[in-house]
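The primary structure of each chain is shown beneath.
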Amino acid sequence: MVKSAKKHHQYAATPPLGWNSWDCYGAAVREEEIRGNAEYMAEYLKPFGWEYVVVDIQWYEPGAVSSHYRQFVPLEMDEYSRLMPSVERFPSAAGGQGFKPLADYVHGLGLKFGIHIMRGIPRQAAHADTPVLGTTATARQIAHPNSICPWNTDMYGVDASREGAQAYYNSLFELYASWGVDFVKVDDIAASRLYGIHLPEIELIRSAIEHCGRPMVLSLSPGPAPLEHAEALAANANMWRMTDDYWDIWHLLHDMFERCEKWAPHVAEGSWPDCDMLPLGHLGIRSVDGGGSDRWTRFTPDEQVTMMSLWSIFRSPLMFGGELRDNDDWTLSLITNEEVLELHRNSRGARQVSRDGDRIVWTSQGENDVTYVALFNAGEAADTVEVSLEQLGLTAPAQARDLWKRENLGALDSVSFTLPPHSSLLLKLN
């Protein structure tokens, strides 16, 4: 599918790479943990293209302790109905500075800073009928009380037809621009469980980003985003979730093959269907979502490579979910393999070549007549996965390189390998 380029597509010309606090800290991340993970990224990951440090949900909730939300509790908010960082958890936000000091610190490391928000306007603002900057309309007048999130009680939706709705979102993103925000993940918007996609609010947000004058990558959650709205998603966002929350559970990874096959035609420069975060390394420190607690990823090493291979050839954004500072050598190796990251950054035209039960083959094209091929055995027993050179568009034997092992395999006149269950092989052919 060919889409016309939009201005915001240049904000994420390649799939974003970063860290998000949710998988390890839930709604309860603290400033020192953001700074620590940023420092690790700057030292170990920045040379490989990793750059975004994202504070996930409820940074405005002073008493957040896990991934379980406390319902209807008071939230930090300014006089214009805009949520503010909790000073108890983010001390540098004192004195109304918001996230600017923290963003400045992240920028000083050569990285970019991101935040999570819920769509809409705080319920407490609507109940108190507080002012909205840039309009005579008040919070109660633009709130849509029947448009709520079923799993979080912080917000009402904004009625896009009301006078003042755009002014509210403009005021939000003007504030975020003043803080130095580079990336905004908006939740309960791509596929609300109650109402489906919220296109009017997505359009308000797109306009607000352009109005604020600061380039910001726009990420939409949760999924699965509706495939029939692919063009509208690309017209407004840089990335959007094509799955519900994804965790380190095999059946969720197994399901992702079908999702990637459906969304592959819609992958384009600056607009990226998103497989969700990478649940790797040390997870669940204060997040108890995903059926787990404080743990290392439940994925086996083979499953971890399979996930990284699929995300990379499909070109999903890569958002690491674990506590970076606890990474072992194995985990670090998964996210710093230059040859795999080259495939992720610069390949084109990813597609599923074939699927025979749980024997799955993907391919994409690289620069300088390179062909990439990924073989997956998603079954429960060892099996042989094969594809002909003709199926890959090749007419002569090709030199093969195993990207994960970084080994040359010599010339192949056919591609056939026996793989353990849940494992994969990622090859470069030229």
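Remember, predicted model here, so these are calculated numbers, not experimental data.

A short note on the overall build of the protein chain
Thinking step 1. Counting secondary structure elements, the protein chain contains 12 helices and 21 strands.
Thinking step 2. Taken over the C-alpha trace, the protein chain has a radius of gyration of 22 Å; the compact-globule value for 430 residues is 22 Å, and the two agree within 12%.
Thinking step 3. Overall size of the protein chain, expressed as C-alpha extent along the three principal axes, is 70 × 40 × 35 Å.
Thinking step 4. Within the span of the protein chain, comprising 430 residues, buried residues form 60% of the whole.
Thinking step 5. Put simply, 72% of the contacts in the protein chain that link residues at least 6 apart link residues at least 24 apart.
Thinking step 6. Accessible surface computed for the protein chain: about 16000 Å², of which carbon and sulfur atoms make up 49%.
Thinking step 7. Counting 36 positive and 58 negative side-chain charges, the protein chain places the averaged centre of each group 3 Å from the other.

Some remarks on the packing of helix H9 (residues 250–263) against helix H10 (residues 301–314)
To characterise two packed helices, one gives the angle between the axes of the helices and the distance between these axes.
Thinking step 1. Close contact between H9 and H10 brings their axes to 11 Å; oriented N to C, the two are set at 15°. Considering their axes alone, H9 and H10 lie roughly parallel with respect to each other. The interaxial crossing formed by H9 with H10 has left-handed handedness. Every residue of H10 that contacts H9 at Trp250, Leu253, Met256, Phe257, Cys260 and Trp263 is listed here: Glu303, Thr306, Met307, Leu310, Trp311 and Phe314.

Digging into the packing of aromatic side chains
Where two aromatic rings form a pair, the distance of their centres and the angle of their planes describe that pair.
Thinking step 1. Considering all chains together, one arrives at 18 aromatic pairs under this definition.
Thinking step 2. Plain terms: the ring middles of Tyr52 and Phe183 are 5.3 Å apart, the flat faces sit at 50° to each other, and that makes the pair tilted. Of this pair, Tyr52 sits in strand E2 (residues 52–55) while Phe183 sits in strand E7 (residues 183–187); the two residues are 131 residues apart in sequence, bridging distant segments of the chain.
Thinking step 3. Classification of Tyr52 as buried rests on a relative accessible area of 3%.
Thinking step 4. The buried category is assigned to Phe183, whose relative accessible area is 2%.
Thinking step 5. The positively charged end of Arg35 is found above the aromatic ring belonging to Tyr105, 4.5 Å away from the centroid.

Structural notes on the pairing of strand E6 (residues 155–158)
Look at any regular strand and the pattern is simple: side chains alternate between the two faces of the sheet.
Thinking step 1. Both strand E4 (residues 121–122) and E6 contribute to a ladder of two bridges, which runs antiparallel. In the sheet register, Pro122 faces E6, and the bridge partner there is Met155.
Thinking step 2. Here strand E5 (residues 143–148) pairs with E6 via three bridges, running antiparallel. Paired with His144 across the two strands is Gly157, which belongs to E6.
Thinking step 3. Taking the residues between adjacent antiparallel strands as the criterion, E5 and E6 are bridged by six residues.

Here's the deal with the nonpolar core
As a rule of thumb, soluble globular proteins bury nonpolar side chains together.
Thinking step 1. With 129 residues, the main nonpolar core has Trp50, Ile115, Phe173, Tyr176, Leu220, Trp311 and Trp362 as its most contacted residues.
Thinking step 2. With nine residues, the single largest contributor to this core is helix H6 (residues 165–179).
Thinking step 3. The residues contacting Trp311, other than those within four sequence positions of it, are Tyr246, Leu253, Met256, Cys275, Asp276, Leu278, Ser316, Pro317, Leu318 and His344.
Thinking step 4. In terms of nonpolar packing, the next biggest core, distinct from the first, is built from 17 residues, Leu392, Leu394, Val415 and Leu425 among them.

Side note on the UniProt feature "domain: Alpha galactosidase C-terminal" (unreviewed entry) in the protein chain
Thinking step 1. Cross-referencing UniProt, the feature "domain: Alpha galactosidase C-terminal" (unreviewed entry) maps to residues 356–429 in the present numbering.
Thinking step 2. This span, residues 356–429, is 0% helix and 58% strand, and a straight line between its end C-alpha atoms measures 22 Å.

A closer look at the environment of Phe48
Thinking step 1. Mapping Phe48 onto the fold places it in the loop between helix H2 (31–45) and E2.
Thinking step 2. The exposure class assigned to Phe48 is partly exposed, which follows from its relative accessible area of 22%.
Thinking step 3. Sequence separation between Phe48 and Leu17 is 31 residues, and the spatial gap between their C-alpha atoms is 9.4 Å.
Thinking step 4. Excluding residues within four positions of it along the chain, Phe48 makes contact with Leu17, Thr336, Glu338, Leu341 and Arg345.

As for H2
Thinking step 1. With 15 residues, H2 extends 20 Å between its outermost C-alpha atoms, agreeing within 8% with the 21 Å of an ideal straight helix rising 1.5 Å per residue.
Thinking step 2. The set of residues buried in H2 consists of Glu31, Glu33, Ile34, Gly36, Asn37, Ala38, Tyr40, Met41 and Leu45.
Thinking step 3. Looking at the buried positions of H2, the neighbouring elements they touch are strand E1 (17–20), helix H1 (22–25), E2, helix H3 (100–108) and helix H11 (329–334).

Some details on the packing of H10 against helix H12 (residues 338–346)
Thinking step 1. Between H10 and H12, whose axes approach to 7 Å, the crossing angle comes to 35°. Across the interface between the two elements, Trp311, Ser312 and Ile313 of H10 pack against Val340, Leu343 and His344 of H12.
Thinking step 2. Partitioned by chemical class, the residues of the contact of H10 with H12 number four nonpolar, two polar and no charged.

Rules of the game
Residues numbered from 1 in each chain as written. Predicted model: local features only at pLDDT ≥ 70, side-chain atom pairs only at ≥ 80, totals over all residues. Heavy atoms only, no water. Helix = DSSP H or I, 4+ residues; strand = E, 2+ residues; numbered from the N terminus. Rg over C-alpha atoms; globule rule 2.2 N^0.38 Å. Buried < 20%, exposed > 50% of the residue type's maximum accessible area, 1.4 Å probe, protein only. Contact = heavy atoms within 4.5 Å. Areas by Shrake-Rupley, 256 points an atom, 1.4 Å probe, with all protein chains shown as cover. Lys, Arg positive; Asp, Glu negative; His and termini not counted. Charge placed at Lys NZ, Arg CZ, Asp CG, Glu CD. Axes fitted to C-alpha atoms, helices over the stretch in contact; angles between N-to-C directions. Parallel < 35°, antiparallel > 145°, perpendicular 65-115°, else oblique. Left-handed = near helix turned anticlockwise from the far one by under 90°. Phe/Tyr/Trp six-rings, centres within 6.5 Å; stacked < 30°, edge-to-face > 60°. Lys NZ or Arg CZ within 6 Å of the ring centre and 35° of its normal. Pairing = 2+ DSSP bridges. Core = buried A, V, L, I, M, F, W, Y, C linked by side-chain atoms within 4.5 Å. UniProt positions renumbered as here; feature names shortened; annotations may be inferred. Expected span 1.5 Å × (residues − 1). Nonpolar A, V, L, I, M, F, W, Y, C, P; charged D, E, K, R; others polar.

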